Amino acid sequence: MSFLSKFTVEDLNVKGKRVLVRVDFNVPLKDGRVTNDNRIVGALPTINYLSDHGARLILCSHLGKPKGPDAAFTMAPVAKRLGELMGREILFADDDTVVGENARKMAAELKDGEILVLQNTRFRPEETKNLPAFSEELASLAEIYVNDAFGSAHRAHCSTVGVTDYIKETAVGYLMEKEINYLGNAVEQPERPLVAILGGAKVADKLKVIDNLLEKVDTLIIGGGMAYTFLAAKGYEVGTSLLDKEKIDYCRDMMKKAEEKGVRLVLPVDTVTTAEFPSPIDAPIETLIVPADGIPADRMGMDIGPKTRALYAEAVRDAKTVVWNGPMGVFENPVLAEGTIAVAKALADTEATTIIGGGDSAAAVQQLGFGDKMSHISTGGGASLEYLEGTLLPGIACIRDK
């Protein structure tokens, strides 16, 4: 059953019409070249569909965090890479004002199926403030608006939300549709047992997620730096491990809530410790594996230990749906990546629908070579996290309902 009740690109009649598409082309650049084109590739199904159906396409995206026009953040290399991937000419409107003379002229002269890329939307300070003037300028270029940028859907910006005040014919693209279906179904209509694995550094970043997931899941697994605050809440000494003292009571409350809800809450039983944080992050480092309730005062937990890896793998073995957000340790260091690798491997080996919630866990899964073994890897770190919190994302809310 689909969780999506929004208009999609296939509901539109686009032939001969100018369609403004908000894509997520926020890709890494080095020496004027795109070094990772995953996000561009992710947008191709929507771009191809619209182009094949005779739309006159105008693509917009932000890139990095420029404070105004800045040559280091130009969309030119992105437009070039898009052309290479599609094997065709892609037009580029190089206006510092984004919607300038070039953009207006080129948009007006587009022929059916042609594609125009606008300059970085964040060259305009109004973009992140969602100010009407820039929203109206963007909207003036097109008759239809499509949002396919899930990675920016949690932000109410001109190009993600404001523009829909002026263009009434709106829809989501294929990437957005896929994200909503996977994440929405996982949280609202999951095949059970539903297991969620939360990692990452800070409990504070995942407060609402933990609370919301305890209403939905059968098992909640906690790893990463945030696990040490839970261990402290159990009364364990955590040495010099990452600890959020202000959140110890919150962790106690969540453990109590899990018990009341009949949710199995799984915490580390052993941990890989070091004397200090590696510097640089991938430097060789001496480790010592200790029980979770026996971390020495002068050492810090940096990854889940071997017994915990086996415990977590066992916890996902019979799951039907698994959602994972956040690594189990400092995965950027090969010595401290074993826990994250073990979880990725356990997910790759399960028959369950496996959903990786963007950000560091997505990067870890891709880097460690398990990407093709997962059902879905989200393109949005913050967006997927807010979705798991149960938040209605502004970039989705503003699209027409069917």
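Structure shown above.
Residues numbered from 1 in each chain as written. Predicted model: local features only at pLDDT ≥ 70, side-chain atom pairs only at ≥ 80, totals over all residues. Heavy atoms only, no water.

S.K.: In this structure, what is going on with the sheet that holds strand β17 (residues 376-377)? I would like to understand it.
M.R.: Pairing between the strands of a sheet comes from backbone hydrogen bonds, and it takes one of two forms, parallel or antiparallel. One open sheet accounts for 6 strands, arranged β11-β10-β9-β15-β16-β17; its pairing is parallel. Each edge of the open sheet carries a strand with a single partner, namely β11 (264-266) and β17. Where strand β10 (residues 219-222) meets β11, 3 bridges bridge the pair, whose relative direction is parallel. From the neighbouring strand, Leu220 faces β11, where its bridge partner is Leu265. Contacts between helix α11 (residues 338-349) and the sheet are confined to β9 (194-198), β15 (321-325) and β16 (353-356), with β15 contributing the most and set at about 155° to the helix. (Pairing = 2+ DSSP bridges. Helix = DSSP H or I, 4+ residues; strand = E, 2+ residues; numbered from the N terminus. Contact = heavy atoms within 4.5 Å. Axes fitted to C-alpha atoms, helices over the stretch in contact; angles between N-to-C directions.)

S.K.: What's the story with the sheet that holds strand β1 (residues 18-22) in this structure? I'm lost.
M.R.: Taking strand neighbours across the sheet as the criterion, the 6 strands line up as β5-β6-β4-β1-β7-β8 in an open arrangement whose pairing is parallel. The strands lining the two open edges of the sheet, one partner per strand, are β5 (91-93) and β8 (169-172). Across the sheet, the axes of successive neighbouring strands diverge by a mean angle of 25°, strand direction being ignored. Against the sheet, helix α3 (residues 101-109) makes contact with β1, β4 (56-60), β5 and β6 (115-118), and its axis sits at roughly 145° relative to β5, the strand it touches most.

S.K.: I'm lost on the side chain of Ser159 in this one. Help?
M.R.: Structurally, Ser159 can be placed in the loop between β7 (144-147) and β8. Take Ser159: its relative accessible area is 1%, and that puts it in the buried class. What Ser159 contacts, discounting residues up to four positions off in sequence, is Arg22, Cys60, Thr121, Glu127, Leu138 and Tyr145. (Buried < 20%, exposed > 50% of the residue type's maximum accessible area, 1.4 Å probe, protein only.)

S.K.: Could you clarify how one ought to interpret the nonpolar core in this entry?
M.R.: One recurring pattern in soluble globular proteins is that nonpolar side chains are buried together. Counting 68 residues, the largest nonpolar core has Leu118 and Ile210 as its most contacted members. The residues touching Ile210, leaving out its near neighbours within four places in the chain, are Leu198, Val203, Leu220, Met226, Phe230, Tyr250 and Met254. With 31 residues, the next largest nonpolar core counts Val9, Val21, Phe92 and Ala171 among its residues. (Core = buried A, V, L, I, M, F, W, Y, C linked by side-chain atoms within 4.5 Å.)

S.K.: Explain the environment of Phe370 to me, please; I cannot follow it from the model alone.
M.R.: Inspection of the secondary structure assignment puts Phe370 in the loop between α12 (359-367) and β17. Assessed through its relative accessible area of 16%, Phe370 is described here as buried. Once the C-alpha coordinates of Phe370 and Ile341 are considered, the two residues, 29 residues apart in sequence, prove to be 8.9 Å apart. Setting aside chain neighbours within four positions, we find Phe370 in contact with Ile341, Ala344, Lys345, Ala348 and Val365.

S.K.: Mind showing me how you'd approach the layout of surface pockets here?
M.R.: Where empty space is left in the structure can be found by rolling a water-sized probe over the atoms. If you add up the space inside the largest pocket, you get close to 1100 Å³. Taken together, 38 residues make up the lining of the largest pocket; nearest its centre are Asn38, Arg39, Ser378, Thr379 and Gly380. Looking at the lining of the largest pocket, the elements that each hand over two or more residues are α1 (38-52), α6 (174-188), α12, β17 and α13 (381-389). Partitioned by chemical class, the residues of the lining of the largest pocket number 10 nonpolar, 21 polar and 7 charged. Forming the boundary of the second largest pocket are 33 residues, of which Gly200, Ala201, Lys202, Pro327 and Asp360 lie nearest the centre. Put simply, the parts of the chain that give the lining of the second largest pocket at least two residues each are β14 (300-304), α12 and α13. Broken down by element, the residue count for the lining of the second largest pocket peaks at 4 residues, all from β14. A per-class count over the lining of the second largest pocket returns 12 nonpolar, 15 polar and 6 charged. (1 Å grid on protein atoms, 1.4 Å probe; cavity = no way out; pocket = protein on both sides within 12 Å on 5 of 7 lines; lining within 4 Å. Points joined across faces, edges and corners; volume = space filled by probe spheres on them. Nonpolar A, V, L, I, M, F, W, Y, C, P; charged D, E, K, R; others polar.)

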